[in-house]
There are 2 protein chains.
Amino acid sequence: MGDVSERERKILVAVDEGEESLYALSWCLRNVISQNSKDTLILLYARPPRPIYTAMDGTGYLFSADIMATMERHSRDVAAAIVEKAKKLCKDLNNVKVETRVESGDARDVICEMVEKLGADVLVMGCHGYGPIKRALIGSVSNHCAKIVKCPILIVKKPKDSAA
Amino acid sequence: MGDVSERERKILVAVDEGEESLYALSWCLRNVISQNSKDTLILLYARPPRPIYTAMDGTGYLFSADIMATMERHSRDVAAAIVEKAKKLCKDLNNVKVETRVESGDARDVICEMVEKLGADVLVMGCHGYGPIKRALIGSVSNHCAKIVKCPILIVKKPKDSAA
């Protein structure tokens, strides 16, 4: 109690293209991260793995290596834009180290693995990592992570009427 | 950011007889509550509802009113002891108002209802509100609450080798 500023914590925030995750990050910045702390904030984006079927277009033709490379480049650009947007939200943190990570894979696996690998002290995430249909089928990402990760997990839902 | 001390937050912590919930409270005190904040910390205990079958003993005889009253008193004593133990953990908080609430009912319903009723800004709870069998049957309390409550929820798991 009162020793927040004395300890170094690794706070892993899962970000994605949705406003939920940016809201979760903002909430975390306001409520968990102290200005004077020596926290390290790690912004993690899980880049969706390229599905096998994208190697062929709808007519059954194989995409050329050129197109595949373009798609790959696009995916990397999207990832960079997302972590950059998240990083901008953290610009007012003076004493907090902000790192970004982009890992390829299913968000559920990537997040749980990175919590373990990086030794995160707390995982922060929004509630909706998937759309409503996928969510109904396989459950939310946060739900999955809450079951798997061993560290404290903060799940932040975005109120319907608020801005990120 | 940096405005934690200026805002008043209602932090609802669900406590029960398990060490998990006390660990969650401790973690919250160390990591979320700032010494200088004007937070209100509400310690909530859901007192299990008296099952109908306790009106009869194993041989089918009805318990007397005396025995029923004794059991009721015992349940209230247990509740008081639990919230008292939780309150002791908060004794070093100078500027934080600590309130206690005991509500009768299933923990899952009580917690979700009180979050709504009290307008909590964040819900903090341990992971295991039920034993392993009940948990396997109906899922964990935290899992349920994470789906229902609209405010941010912090689920803290107790590491196997740590004290509360």
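The structure displayed is predicted, hence computed values, not measured ones.

### Observations regarding the overall build of chain A
For chain A, the helix and strand inventory stands at five helices and five strands. Buried positions account for 43% of the 164 residues belonging to chain A. Nonlocal contacts in chain A, meaning residues at least 24 apart in sequence, comprise 75% of its contacts between residues at least 6 apart. Counting only carbon and sulfur atoms, one obtains 54% of the accessible surface of chain A, whose full area is about 8,800 Å².

### Details of the pattern of salt bridges
When their charged atoms lie close together, side chains carrying opposite charge are able to pair. Taken as a whole, this structure holds 14 salt bridges over all chains when the rule is applied. Here Glu72(A) ties to Arg47(A) by a salt bridge, and the two come within 3.2 Å at their closest N and O atoms. Pair noted here: Glu72(A) is in helix α2 (residues 65-89) and Arg47(A) is in strand β2 (residues 40-47), with a separation of 25 residues, a long-range link. In this structure, Arg76(B) and Glu72(B) form a salt bridge, with 3.1 Å as the shortest nitrogen-oxygen distance. With Arg76(B) and Glu72(B) both in helix α2 (residues 65-89), this residue pair falls four residues apart, about one helical turn. By relative accessible area, which is 49% here, Arg76(B) ends up partly exposed. For Glu72(B), a relative accessible area of 23% corresponds to the partly exposed category.

### Some points on the relation of the copies chain B and chain A
With an axial shift of 0.0 Å and an RMSD of 0.0 Å, the rotation relating chain B to chain A amounts to 180°. Each copy turns onto its partner about a two-fold axis. Of the C-alpha atoms belonging to chain B, the one lying closest to the rotation axis is found on Leu154(B), 2.1 Å away. Take the interface residues of chain B: 100% of them recur as interface residues in chain A, which is what a same-surface contact looks like.

### Some thoughts on the interface of chain B and chain A
Contacts between chain B and chain A engage 30 residues on the former and 30 residues on the latter. Across the chain B to chain A interface the summed buried area is about 2,400 Å²; carbon plus sulfur atoms make up 54%. If you look at where chain B meets chain A, you find zero salt bridges. Where chain B touches chain A, the interface holds ten residue pairs in polar contact (both at pLDDT 80 or more). Within the side of chain B that touches chain A, the residues separate by chemical class into 17 nonpolar, four polar and nine charged. Where strand β5 (residues 153-156) of chain A lies against strand β5 (residues 153-156) of chain B, three bridges are found, and the strand directions are antiparallel.

### Quick notes on the nonpolar core
Counting residues in each nonpolar core, the largest one holds 52 residues, and the members touching the most others are Ile11(A), Val13(A), Leu41(A), Ile11(B), Val13(B) and Leu41(B). Residue contacts for Ile11(B): discarding those within four places in its chain leaves Cys28(B), Val32(B), Ile33(B), Asp39(B), Thr40(B), Leu41(B), Ile42(B), Val122(B) and Val124(B). The next biggest cluster of nonpolar side chains, apart from the first, holds 44 residues, and it includes Ile42(A), Ile42(B), Ala46(B) and Cys127(B).

### Re the packing of helix α3 (residues 107-118) of chain A against helix α5 (residues 141-148) of chain A
Residue and element names in this part refer to chain A. One can describe the packing of α3 onto α5 by two numbers: an axis separation of 9 Å at closest approach and a directional angle of 35°. When you trace α3 past α5, the crossing you get is right-handed. When α3 is examined against α5, the residues Ala107, Arg108, Ile111 and Cys112 are found in contact with a partner set consisting of Val141, His144, Cys145 and Ile148. Within the contact of α3 with α5, the residues separate by chemical class into six nonpolar, one polar and one charged.

### Details of α2(A)
Under the 1.5 Å per step criterion, the end-to-end length of α2(A) is 37 Å for 25 residues, consistent within 8% with the ideal 36 Å. The inward-facing, buried residues of α2(A) contact β1 (10-15), α1 (19-31), β2 and β3 (97-104) of chain A.

### Observations concerning the state of the cysteines
Each disulfide consists of one covalent bond between the sulfur atoms belonging to two cysteines. Residues and elements named next belong to chain B. A full pass over the atoms with the stated rule returns zero disulfides over all chains. Take Cys145: it sits in no disulfide, and the sulfur closest to it among the cysteines is that of Cys112, at 3.8 Å. Residue class for Cys145 comes out buried when judged on its relative accessible area of 0%.

### Comments concerning the side chain of Arg9(A)
Here Arg9(A) lies in the segment before β1. The buried category is assigned to Arg9(A), whose relative accessible area is 3%. There is a polar contact of 3.0 Å between the side chain of Arg9(A) and the backbone oxygen of Val32(A). A polar contact is formed between the side chain of Arg9(A) and the side chain of Asn31(B), at a distance of 2.9 Å.

### Looking at the pairing of β5(B)
All names here are of chain B. In β5, alternate side chains face the same way, and those of Ile153 and Ile155 on one face and Leu154 and Val156 on the other are all buried. Relative to β5, strand β4 (residues 122-126) runs parallel, the two being bridged by four bridges. Opposite Met125, over in β5, you have Ile155 as the bridge partner.

Rules behind the numbers
- Residues numbered from 1 in each chain as written.
- Chains lettered and ligands numbered in written order.
- Predicted model: local features only at pLDDT ≥ 70, side-chain atom pairs only at ≥ 80, totals over all residues.
- Heavy atoms only, no water.
- Helix = DSSP H or I, 4+ residues; strand = E, 2+ residues; numbered from the N terminus.
- Buried < 20%, exposed > 50% of the residue type's maximum accessible area, 1.4 Å probe, protein only.
- Contact = heavy atoms within 4.5 Å.
- Areas by Shrake-Rupley, 256 points an atom, 1.4 Å probe, with all protein chains shown as cover.
- Salt bridge = Lys/Arg side-chain N within 4 Å of Asp/Glu carboxyl O.
- Least-squares fit on C-alpha atoms with pLDDT ≥ 70 in both.
- Buried area = accessible area lost by both parts, 1.4 Å probe.
- Polar contact = N/O pair within 3.5 Å; in protein donor to acceptor, adjacent residues only side chain to side chain.
- Nonpolar A, V, L, I, M, F, W, Y, C, P; charged D, E, K, R; others polar.
- Pairing = 2+ DSSP bridges.
- Core = buried A, V, L, I, M, F, W, Y, C linked by side-chain atoms within 4.5 Å.
- Axes fitted to C-alpha atoms, helices over the stretch in contact; angles between N-to-C directions.
- Left-handed = near helix turned anticlockwise from the far one by under 90°.
- Expected span 1.5 Å × (residues − 1).
- Disulfide = S-S within 2.5 Å.

From the geometry alone we can't say anything about function, so treat these as descriptive.
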